[in-house]
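# Chains, contacts and geometry: an overview
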Amino acid sequence: MINEFERHMRGQNLSENTISAYLFAIRQFGEHYSVVNLKNLRSYKAWLIENYKPQTVNLRLSAINCYLQSLGKEKWKLAFIKIQQKTFLENVISEADYEYFKNCLKKDGEMFWYFVIRFMAATGARVSELIRIKIEHVKLGYLDLYAKGGKLRRIYIPKSLQQEALSWFSEKHINSGFIFLNRYGERITTRGISRQLKNLAERYNIDSSVVYPHSFRHRFAKSFLDRCNDIAFLADLMGHESIETTRIYLRKTATEQREIVDRVIDW
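Quick look at the structure, then. Because the structure is predicted, anything quoted here is derived from the model rather than measured.

Calculation notes
Residues numbered from 1 in each chain as written. Predicted model: local features only at pLDDT ≥ 70, side-chain atom pairs only at ≥ 80, totals over all residues. Heavy atoms only, no water. Helix = DSSP H or I, 4+ residues; strand = E, 2+ residues; numbered from the N terminus. Contact = heavy atoms within 4.5 Å. Areas by Shrake-Rupley, 256 points an atom, 1.4 Å probe, with all protein chains shown as cover. Lys, Arg positive; Asp, Glu negative; His and termini not counted. Charge placed at Lys NZ, Arg CZ, Asp CG, Glu CD. Expected span 1.5 Å × (residues − 1). Buried < 20%, exposed > 50% of the residue type's maximum accessible area, 1.4 Å probe, protein only. Arc of directions from axis to C-beta. Core = buried A, V, L, I, M, F, W, Y, C linked by side-chain atoms within 4.5 Å. Patch = residues over 30% accessible without salt bridge, like charges linked within 9 Å, V, L, I, M, F, W, Y side chains within 5 Å. Salt bridge = Lys/Arg side-chain N within 4 Å of Asp/Glu carboxyl O.

A few words now on the overall build of the protein. Along its length, the protein carries 14 helices and two strands. Expressed along its principal axes, the backbone C-alpha trace of the protein runs to roughly 60 × 60 × 35 Å. Restricting the contact set of the protein to residue pairs at least 6 apart, pairs at least 24 apart contribute 60%. If you sum the accessible surface of the protein, you get close to 15700 Å²; carbon and sulfur atoms cover 49% of it. Taken as two groups, the 42 positive and 29 negative side-chain charges of the protein have centres that lie 5 Å from each other.

Encoded structure:
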């Protein structure tokens, strides 16, 4: 049944990350229950709520619902749990820290990692999308990806980044293929990127809680809205299915809120 479910998901044009996450959830369910029925589904949901954060619970439930759809059991689909939205953004690298990080990497000749954070922060690419970028895409100025339901998303590579990256490629005497490779000449893993970013944060005394791949995607969104207050356009650039997802970037970070409170309130 797992193989059939995987074929079903690939037919739905789901991303590799989504397929992997959904298969994990179905295998996890199978470790607890031998039969798929409403009683076991509800029991699994209760177990998830006791052991995982709300976002993880909903991801697993989304996998279960997709599986039920593939079985023609849509009437058994489980309702998602409500996630309490915070009134501020958490763990987003500040523009000042981002600039400092870039400058440190360039000064130390860490150009590979300079371009890792530069590409994420200047394009809004997810780390899983970052490792798919080729030199050919940089020359072209954009990368086209297909999201859920076959929807096309275009990741633009800004002219300044394009020129700087092409100059780097020229220095390395490479003109084609994937950009971000490991020491074995294979595409670096998303886990490898996350781990090394933490190491670099410690080297440069930057708060490691704000140095992780998705933080630079958040930085892209925040900086974009600061300069171009077009949330609908940003939603398209980010690949969000709903503009409501993008609205979180209209909020201040906790640090920004603190600064405003300290500056404004004098009574």
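So, next bit.
Let's shift gears to helix H9 (residues 159–172). End to end, H9 covers 20 Å across 14 residues, agreeing with the expected 20 Å (1.5 Å per residue, within 8%). Those residues of H9 not exposed but buried are Leu 161, Gln 162, Ala 165, Trp 168 and Phe 169. Relative to the axis of H9, the buried residues are bounded by an arc of 130 degrees and lie together on one face. In H9, the exposed residues that point more than 90 degrees away from the buried face are Lys 159 and Glu 171. Just downstream of H9, His 173 is the residue with a positive phi angle, here 60 degrees.

For the rest of this paragraph, the subject is the nonpolar core. In this structure, Phe 101, Phe 119 and Phe 216 are the most contacted members of the largest nonpolar core, which totals 42 residues. Looking at this core, the elements that each hand over two or more residues are helix H5 (95–107), helix H6 (111–123), helix H7 (127–130), helix H8 (135–140), strand S1 (142–146), H9 and helix H10 (190–203). With sequence-adjacent residues up to four places away left out, Phe 101 is seen in contact with Ile 93, Ile 117, Leu 197, Leu 200, Ala 201, Tyr 204, Ile 206, Val 211 and Phe 216. Among the nonpolar cores identified, the runner-up in size contains 22 residues, and Phe 29, Tyr 44, Leu 61 and Leu 78 belong to it.

Okay, the side chain of Lys 102 next. Along the chain, Lys 102 turns up in helix H5. Excluding residues that lie within four positions of it along the chain, Lys 102 makes contacts with Tyr 114, Ile 117 and Arg 118.

Turning our eyes to something else, we now look at a nonpolar patch on the surface. Taken together, the side chains of Ile 260, Val 261, Val 264, Ile 265 and Trp 267 define a hydrophobic patch exposed on the protein surface, amounting to about 500 Å² of accessible area. Topologically, Val 264 is positioned in helix H14 (residues 254–264).

With that settled, the discussion passes to the pattern of salt bridges. Throughout the structure, instances matching the rule amount to 11 salt bridges. The salt bridge involving Arg 10 is made with Glu 16; its shortest N-O contact spans 2.6 Å. Its salt-bridge partner being Arg 153, residue Glu 129 comes within 2.6 Å of it at the nearest N-O pair. Pair noted here: Glu 129 is in helix H7 and Arg 153 is in strand S2 (residues 152–156), with a separation of 24 residues, a long-range link. The two residues Glu 129 and Arg 153 agree in class, both being buried. Beyond isolated ion pairs, a larger network of salt bridges with shared partners links Glu 6, Arg 10 and Glu 16.

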